[in-house]
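Below are the chains, spelled out letter by letter.
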Amino acid sequence: MAHQSAIRSMQRIVEQQAQPHPNAEARAGVQAQLDRGNVLVVTGAGVSTDSGIPDYRGPNGSLQRHRPMTYQEFKYRPEARQRYWARGFVGWRHMFRAEPNAIHHRLVRWEEEGRISGIITQNVDGLHQQAGSKTVIPVHGELSIVRCLDCGKSEDRQHFDDRLQELNVGYLEAVDVDPSAINPDGDVELPQYLVDRFVMGSCLYCGSLALKPDVVYFGESVPAERKEQIARLEESSDSLLVLGSSLAVMSGYKILLNFVKRGLPVALVTNGHVRGEQKATWRWRVQLDQALSQLH
């Protein structure tokens, strides 16, 4: 049941529900929010595309060619975990080389100036933290941590990757990968013979092979502690700014609904459609880099 619900969630198509506001009007509305300060920012995959990480639901997004694995598949099917880690072993180093772009750095500046109260990001790439943002809640976790499903202990992803390289000498040299084909979760397509050849590493603490990147998969719940952190940040913020997200999944959409319920301003800046966009105060349909170049 949870697996099927996860499939429906990842396949959700967000269509137009309201017309965008005129550019000048929308820009002025967003700027007024920033000038008042204490804006909570929610970011999605569109923030990281300029860093070379593809989005999920855009016209060229990875969902056009790839369905992410659900939590149920990952947890209960060892062959699915084998496939993920073989592919992730190749894709991870491309993700690891990604660097923050101008949007990430602009958000750091806005935080230092008191314009924004913090960032809730749906991205798992860690680029906000790498850029220097201090108050960041990665609602879907981070790829940089590996956690054991059996004992719960964690390991740094780079350390784990070093161990995998020792177990798979010559493996990377046998793979020819187009960097543009890397998915937002670090996954990349591989032929079955390379999946079979891959040697998986075990948990340092209990020896289990049931290791998982510390990210929230489709069909998996956001940890309760993280939900509490998000709720506290929402309550202490005076308005909401959504950047580069369709809010297609409930973890993001719920934040918009909470601000609407409180009667607080909500601004959407994206080049696509956003779930619940008809409820927003401002709808600015524009490329993010173009939008931020007009804001201060």
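Conventions and cut-offs
Residues numbered from 1 in each chain as written. Predicted model: local features only at pLDDT ≥ 70, side-chain atom pairs only at ≥ 80, totals over all residues. Heavy atoms only, no water. Helix = DSSP H or I, 4+ residues; strand = E, 2+ residues; numbered from the N terminus. Buried < 20%, exposed > 50% of the residue type's maximum accessible area, 1.4 Å probe, protein only. Contact = heavy atoms within 4.5 Å. Areas by Shrake-Rupley, 256 points an atom, 1.4 Å probe, with all protein chains shown as cover. UniProt positions renumbered as here; feature names shortened; annotations may be inferred. Phe/Tyr/Trp six-rings, centres within 6.5 Å; stacked < 30°, edge-to-face > 60°. Pairing = 2+ DSSP bridges. Axes fitted to C-alpha atoms, helices over the stretch in contact; angles between N-to-C directions. Polar contact = N/O pair within 3.5 Å; in protein donor to acceptor, adjacent residues only side chain to side chain. Salt bridge = Lys/Arg side-chain N within 4 Å of Asp/Glu carboxyl O. Right-handed = clockwise from strand over helix to strand, strands pointing away.

Undergrad: Outline the overall build of the protein, supporting the account with residue identities and numerical values.
TA: When helices and strands are tallied, the protein shows 11 helices and nine strands. Looking at the 296 residues of the protein, the share that counts as buried comes to 54%. Contacts spanning at least 24 positions in sequence make up 74% of the contacts within the protein whose residues lie at least 6 apart. Per element, the accessible surface of the protein, about 13,700 Å² overall, is 49% carbon and sulfur.

Undergrad: Could you give me a rundown of the UniProt feature "active site" (unreviewed entry) in the protein, with the residues and numbers involved?
TA: As recorded in UniProt, the sites labelled "active site" (unreviewed entry) are H140. Beyond its immediate chain neighbours, meaning those up to four positions away, H140 contacts T121, Q122, V124, D214, V215, V216, R226, V249 and S251.

Undergrad: Describe in detail the packing of aromatic side chains, supporting the description with residues and values.
TA: Applying the stated rule across the entire model yields eight aromatic pairs. Where F74 meets Y84, the ring centres are 5.8 Å apart and the plane angle is 70 degrees; that geometry is what we call edge-to-face. Of this pair, F74 sits in helix α3 (residues 71-76) while Y84 sits in helix α4 (residues 78-96); the two residues are 10 residues apart in sequence, bridging distant segments of the chain. Y84 matches F74 in its accessibility class, with the two residues each being buried. Taking the centre distance of 5.2 Å and the plane angle of 80 degrees together, the rings of Y84 and W85 count as edge-to-face. For W85, a relative accessible area of 1% corresponds to the buried category. Of the aromatic side chains, those joined through ring pairs into one cluster are F74, Y84, W85, F160 and Y217.

Undergrad: Could you give an account of the sheet that holds strand β8 (residues 266-270), with specific residues and numbers?
TA: Pairing is parallel in the open sheet, where six strands are placed in the order β3-β2-β1-β7-β8-β9. At either margin of the open sheet sits one strand with a lone partner, and together these are β3 (136-138) and β9 (282-285). The sheet shows a mean angle of 15 degrees between the axes of neighbouring strands, direction not considered. Alignment of strand β1 (residues 39-43) against strand β2 (residues 116-121), held across five bridges, turns out to be parallel. Following the sheet pairing, V41 is matched in β2 by I119. The sheet contacts of helix α2 (residues 23-36) involve β1, β2, β7 (239-243), β8 and β9, and relative to β9 the element is tilted by about 120 degrees.

Undergrad: Before we move on, could you go through helix α5 (residues 102-112) and cite the residues and values that matter?
TA: Residues of α5 that are buried: I103, H104, R106, L107, V108, W110 and E111. Taken together, the buried residues of α5 touch α2, β1, β2, α6 (127-131), β7 and α11 (288-293). The backbone nitrogen of I103 lies 2.8 Å from a side-chain oxygen of the residue at the head of α5, namely N101. A positive backbone phi angle near 80 degrees is found at G114, which sits one or two residues after α5.

Undergrad: Describe in detail the pattern of salt bridges, supporting the description with residues and values.
TA: This model, assessed by the stated rule, comprises 10 salt bridges. With a closest N to O distance of 2.9 Å, E79 and R77 form a salt bridge. Taking the shortest distance from any N to any O, the salt bridge between R115 and E113 comes out at 3.0 Å.

Undergrad: Quick rundown of unusual backbone geometry? Include the residues and the values.
TA: Notably, N38 is not glycine yet its phi reads approximately 60 degrees, a positive angle. Considering the arrangement of structural elements, one finds N38 in the loop between α2 and β1. For N38, a relative accessible area of 23% gives the class partly exposed. A positive phi angle, close to 55 degrees, is found at L247, a residue other than glycine. When you line up the elements, L247 lands in the loop between β7 and α10 (250-261).

Undergrad: Quick one: what's the story with the pairing of β7, residue by residue and with numbers?
TA: Successive side chains on a regular strand alternate, one facing one side of the sheet and the next facing the other. Counting buried positions along β7 yields five of five residues, so the element is predominantly enclosed. Alternating positions in β7 separate into two faces, S239, L241 and L243 on one and L240 and V242 on the other, with burial throughout. Direction of pairing for β1 relative to β7: parallel, over a ladder of five bridges. What sits directly across from V42, in β7, is V242. The pairing of β7 with β8 spans four bridges and is classified as parallel. Looking at β8, one finds that L241 is bridged to A267. Handedness of the crossover joining β7 and β8 through α10 is recorded here as right-handed.

Undergrad: Quick rundown of the UniProt feature "binding site: Zn(2+)" (unreviewed entry) in the protein? Include the residues and the values.
TA: Here the UniProt-annotated "binding site: Zn(2+)" (unreviewed entry) positions come out as C148, C151, C203 and C206. These residues run over 59 residues, yet every pair of their C-alpha atoms falls within 8.7 Å of each other. Along the chain, the position of C203 falls in the loop between α8 (192-197) and β6 (211-215). With relative accessibility at 7%, the residue C203 sits in the buried group. Beyond its immediate sequence surroundings of up to four residues, C203 is in contact with C148, C151, S208 and L211. Relative to the helices and strands, C206 is located in the loop between α8 and β6. Discounting residues that sit within four places of it in the chain, C206 has contacts with C148, D150 and C151.

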